[in-house]
Amino acid sequence: MKLFTFHTASDKSSRFGALLADTRVLDLTALGSPIPRTLLECIEQGDAALAAVRNAVSRVETALARGDVLQGVLALGAITFEVPFRPGKIMAVGRNYADHVAEGAGAAYTRVAGFIKLTNGLVAHDTTVIKPSWTEQWDYENELAVVIGRSCVDVPPERAYDMVFGYTILNDLSARDVQMAERKEGNICIGKNFPTAAPMGPWIVTKDEIPDPHALRIVTRVNGQVRQDSTTDKMIYHIPAQIAWYSHTGFEPGDVISTGTPSGVGLGYKGPGTWYLQHGDRIECEVEKIGVLVNTCRDPKRG
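Values in this document were obtained by computation on a predicted structure and should not be read as measured data.

A.B. asks: Just to check I follow, could you spell out the overall build of the chain for this structure?
C.D. replies: In terms of regular secondary structure, the chain is built from five helices and 19 strands. The C-alpha radius of gyration of the chain comes to 19 Å, within 12% of the 19 Å expected for a compact globule of 303 residues. Counting only C-alpha atoms and orienting by the principal axes, one finds that the chain spans roughly 60 × 50 × 30 Å. Sequence-distant contacts, at least 24 apart, represent 74% of the contacts inside the chain between residues at least 6 apart. When the accessible area of the chain is evaluated, it comes to approximately 12,900 Å², of which 52% is carbon and sulfur surface. For the chain, the distance from the average position of its 31 positive side-chain charges to the average position of its 35 negative side-chain charges is 3 Å.

A.B. asks: Please clarify how the sheet that holds strand β16 (residues 225–231) should be interpreted in this entry.
C.D. replies: Backbone hydrogen bonds are what pair the strands of a sheet, in a parallel or an antiparallel way. Taken in spatial order, the five strands of this open sheet run β9-β19-β18-β15-β16, and their pairing is mixed. The open sheet terminates on both sides in strands that have one partner only, identified here as β9 (127–130) and β16. The mean angle between the axes of side-by-side strands here comes to 25°, regardless of whether they run parallel or antiparallel. The sheet contact formed by β9 and strand β19 (residues 291–298) spans four bridges and is parallel. Counterpart to Thr127 in the pairing with β19 is Asn295.

A.B. asks: How do you make sense of the nonpolar core when you look at a structure like this?
C.D. replies: Considering soluble globular proteins, one finds that nonpolar side chains tend to be buried as a cluster. Ranked by internal contacts, the top residues of the largest apolar core, which has 51 residues, are Ile243 and Ile290. Beyond its immediate chain neighbours, meaning those up to four positions away, Ile243 contacts Val146, Ile148, Val155, Ala160, Val164, Phe251 and Ile257. Membership of the second largest hydrophobic core comes to 32 residues, among which are Phe16, Leu26, Leu50 and Leu64.

A.B. asks: Looking at this structure, I do not really get unusual backbone geometry. What am I missing?
C.D. replies: Leaving glycine out, the prevailing phi sign among residues is negative, and the prevailing peptide bond configuration is trans. Cis geometry is found at the peptide bond from Ser33 to Pro34, where omega equals 10°. One non-glycine residue, Asp126, lies in the positive phi region at around 65°. One can find Asp126 in the loop between β8 (122–123) and β9. Since its relative accessible area comes to 56%, Asp126 is described here as exposed. Backbone geometry at Asn223 places phi at a positive 55°, although glycine is not the residue there. Of note, Asn223 is situated in the loop between β15 (217–222) and β16. Taking relative accessible area as the criterion, Asn223 reaches 49% and is therefore assigned partly exposed.

A.B. asks: Please explain the pattern of salt bridges as it appears in this structure.
C.D. replies: Side chains that carry opposite charge are capable of pairing whenever their charged atoms lie near each other. For the structure on display, the rule yields 18 salt bridges. Among the salt bridges present, the one from Arg159 reaches Asp162, with a minimum N-O distance of 3.9 Å. The partly exposed category is assigned to Arg159, whose relative accessible area is 40%. Lys192 is the partner of Asp172 in a salt bridge, and the nearest nitrogen-oxygen pair spans 2.8 Å. Placement of Asp172 in the loop between β12 (164–171) and β13 (174–175) and of Lys192 in the loop between α4 (176–185) and β14 (198–206) is noted, with a sequence separation of 20 residues between them. By relative accessible area, Lys192 is classed as buried at 2%. Look at the salt bridges and you will find they share partners, linking Lys117, Asp139, Glu141, Asp172, Arg176 and Lys192 into a network.

Definitions and limits used
Residues numbered from 1 in each chain as written. Predicted model: local features only at pLDDT ≥ 70, side-chain atom pairs only at ≥ 80, totals over all residues. Heavy atoms only, no water. Helix = DSSP H or I, 4+ residues; strand = E, 2+ residues; numbered from the N terminus. Rg over C-alpha atoms; globule rule 2.2 N^0.38 Å. Contact = heavy atoms within 4.5 Å. Areas by Shrake-Rupley, 256 points an atom, 1.4 Å probe, with all protein chains shown as cover. Lys, Arg positive; Asp, Glu negative; His and termini not counted. Charge placed at Lys NZ, Arg CZ, Asp CG, Glu CD. Pairing = 2+ DSSP bridges. Axes fitted to C-alpha atoms, helices over the stretch in contact; angles between N-to-C directions. Core = buried A, V, L, I, M, F, W, Y, C linked by side-chain atoms within 4.5 Å. Buried < 20%, exposed > 50% of the residue type's maximum accessible area, 1.4 Å probe, protein only. Salt bridge = Lys/Arg side-chain N within 4 Å of Asp/Glu carboxyl O.

Following this line, the structure appears as structure tokens:
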């Protein structure tokens, strides 16, 4: 299932939704108990809540196939996506594709490593992202993100996928000049964390629809030009290793791991001009079996 949070032009309150087989939207919030009120509650309440949602979607799809007219079924074009939910924390993996390591002239990590992405930077699909005034190297990173579904700590790799609720897309926007300066001091913080630095969505795909998250094509387009084109099987450290290591922090339902990006970012571009993001750029981050996360760039100095 594809699960998300949305509102409509006539009702600005946040609603919990599911994408139906005919690409219409089921307003799960309108159904009431036993359906969770929010996507985060669905994650927190575990298998029983997810089963209730799945049964509701199945019943509605059956009724629609009969030609029934139902309340709470909306056209996809009639909704506005919100951030799917607010994670407690986002743990990001750095230097996790060899080709990305090479384009950045760095060295691969000897184990899973990275940084924390703050949740105040989260923004939704089809929204505007804002260039910080203090960077000249504003960059994109298309990443498969893992949504944790259970409270856990010190998870062995062989049990890692038991902890997963589903998957989404995260664009790890970066201020490269600041990031590199911080790295020389030993820590990355502001170069990865600023308002609108973490577009995520448009929805969460439950893990049953992605039996192998290391068999997904990952493509980024800026203004229609392909910049990144790779597959998740090229990760250096696969998801079980990521979950095992980062679970030492202790995970709660709804926590997120952003799994790293392949080559093709602005940092690695050596041709004429620049691939760093500019005012008006349209970024499309696509991950196979999930969808496309779209955002438009704005430089307040330009308008």
